[in-house]
Amino acid sequence: VYIRKHPLEIPPPSEKDWIKDDEEDFFLQDPDRAFDVLPQPVRMINKLVMLLFENAMEIIERREALQEAQKQKVQAKKCFPTAEFQVTGRASCLAASGKYVFVGLSMGLAVFQWSDCKQVCAWDTAKTEICVIRASALGNEHHALLAVDELGFVWLFCFHKDSFLFIKNLNEVEDISKRSTCVEVVLSQGGDYAGVLLQGNCLTQFPNAGNTEAWLEIYRLPKDSWLKERENSPGTAAGLAFRDRTPSPGSTADSLLQESILSASKTDVRIGLPMLLMKVKPPKPITGSIFKSPLDAVMKVDEGSVFGLGHNHLIKDSQWEQQEAIFRNTYQEYLEAEDESKDEISRHATLHFLLPSRILQVGPEIKLQPAVPAGISVHWDGSHNLCLYLLNRPFKEKVDVDPKPEVVWPCAAPIACSAVSSCCRYLALACEDAAITIWDQHLGYPLTVTTLLDERVIRSMHFL
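For the structure given in this document, a descriptive report is provided here.

So, how was this worked out
Residues numbered from 1 in each chain as written. Predicted model: local features only at pLDDT ≥ 70, side-chain atom pairs only at ≥ 80, totals over all residues. Heavy atoms only, no water. Pairing = 2+ DSSP bridges. Helix = DSSP H or I, 4+ residues; strand = E, 2+ residues; numbered from the N terminus. Axes fitted to C-alpha atoms, helices over the stretch in contact; angles between N-to-C directions. Patch = residues over 30% accessible without salt bridge, like charges linked within 9 Å, V, L, I, M, F, W, Y side chains within 5 Å. Areas by Shrake-Rupley, 256 points an atom, 1.4 Å probe, with all protein chains shown as cover. Salt bridge = Lys/Arg side-chain N within 4 Å of Asp/Glu carboxyl O. Lys, Arg positive; Asp, Glu negative; His and termini not counted. Charge placed at Lys NZ, Arg CZ, Asp CG, Glu CD. Buried < 20%, exposed > 50% of the residue type's maximum accessible area, 1.4 Å probe, protein only. Core = buried A, V, L, I, M, F, W, Y, C linked by side-chain atoms within 4.5 Å.

1. Here's the deal with the sheet that holds strand β2 (residues 100-105)
Pairing between the strands of a sheet is mediated by backbone hydrogen bonds and can be parallel or antiparallel. Strand order in the open sheet formed by four strands is β1-β2-β3-β4, and the pairing between neighbours is antiparallel. Looking at strand neighbours, the two that pair on one side only are β1 (91-97) and β4 (119-123), the edges of this open sheet. For this sheet, the mean angle separating the axes of adjacent strands, direction not counted, is 20°. Strand direction decides the pairing type here: β2 and strand β3 (residues 108-113), joined by six bridges, are antiparallel. Bridging across to β3, Val-103 finds its partner in Ala-110.

Structure below.
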């Protein structure tokens, strides 16, 4: 008798007996609902139709998700004009301060109330086109106004209710050949300070700047004196004010201006004039060392706690020339296009007024007000340095010409543009290498550094 040594096992099924995917649940289907397999080419058409429906559903779901995302976003509100200002001539610029809108016209200035768009008063004494306006509220319905005309003259006004009070022409000179042209004006919040960027003829300095010299003039405006003068003698101050007036047919702009100034001099009113604090000139090019020994250079350095502009060094002219020759010989093909446009670059500066912060350190004897600017930041085109100057300087009989900056921030590339937030706490610097740095001025350290791709050129920045 044959007896198996091992127990009987069920052999594994072969591949031909495997259950297909579409027949796994055949035992759950109702025999009455079973369908016969479609023949070709009907089966292929069925698959194509089902694929078409699946793709269509995917597109529909994707579009519905996109529409839901668009609904959740804040839609920009479309605004249409509800009223218009009726001006005489052509409007070239405007500025808003308080409840008034100052409009620069082709023949002077006009003031409107933004509530009803009605004209309050106008100034057309000089008969010149106003191209730039800067306005700031002084308090008690007084407003400081800086206006630049087509000839580059800077007019300083104090506006109150329905009249202009002409203060001074900031760049007026007796010799017309020495006249300087205004390029840009900046008025601080609150009207405490004003900055004017001027350009004039210069044959000895800056030969590559088109025979022009540029400099910044910083003024302190005596707004407290203006407010007191208006309160103490409103009737007398009104004699200096300009209202709507129609000139005679034979009069000219110069005669009208002289007439207004003469009438002002006859009245016994002492108007506080702006005081020139400093003149800031562009940084001088770095040349060879003028020191004979290292001891002379060390004695010239102040205290060494801050960065300087790099003028006090021990590099000789021969070393500069040798380094320049090596650099130009190495990168000659990249410097040809730059040398052609180098002479066409004009001197231009960007100015910002800064509130008190840890960056601007002042002495304990100087009392600072939180809402009054304590310093300025200046950077010139093509310069790597951001220079910070203090405004609360000790009184001097002579104007501080070309003062040394209290703080210098060197950057890796030339500064292209800058911006200050409305609260004056954050400062943004954009360099020509497309790097943007946001600084916290109160704490004195950078918050973030971002670089734009594709070597984008940054022209301007604004805080929202």
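2. A look at unusual backbone geometry
The backbone of Cys-117 shows a phi angle near 60°, a positive value even though the residue is not glycine. Mapped onto the secondary structure, Cys-117 falls in the loop between β3 and β4.

3. Digging into a negative patch on the surface
On the surface, Glu-54, Glu-58, Glu-61, Glu-64 and Glu-68 cluster together to form a negatively charged patch. Topologically, Glu-64 is positioned in helix α1 (residues 42-72). Overall, the relative accessible area of 47% leaves Glu-64 in the partly exposed class.

4. Section: the nonpolar core
Counting residues in each nonpolar core, the largest one holds 20 residues, and the members touching the most others are Leu-146, Val-154, Val-196 and Trp-226. Secondary-structure elements contributing two or more residues to this core are β6 (142-149), β7 (154-160), β8 (163-169), β9 (181-187), β10 (193-201) and β11 (212-220). By size, the runner-up hydrophobic cluster in this structure holds 19 residues, among which are Ile-130, Ile-133, Leu-145 and Phe-159.

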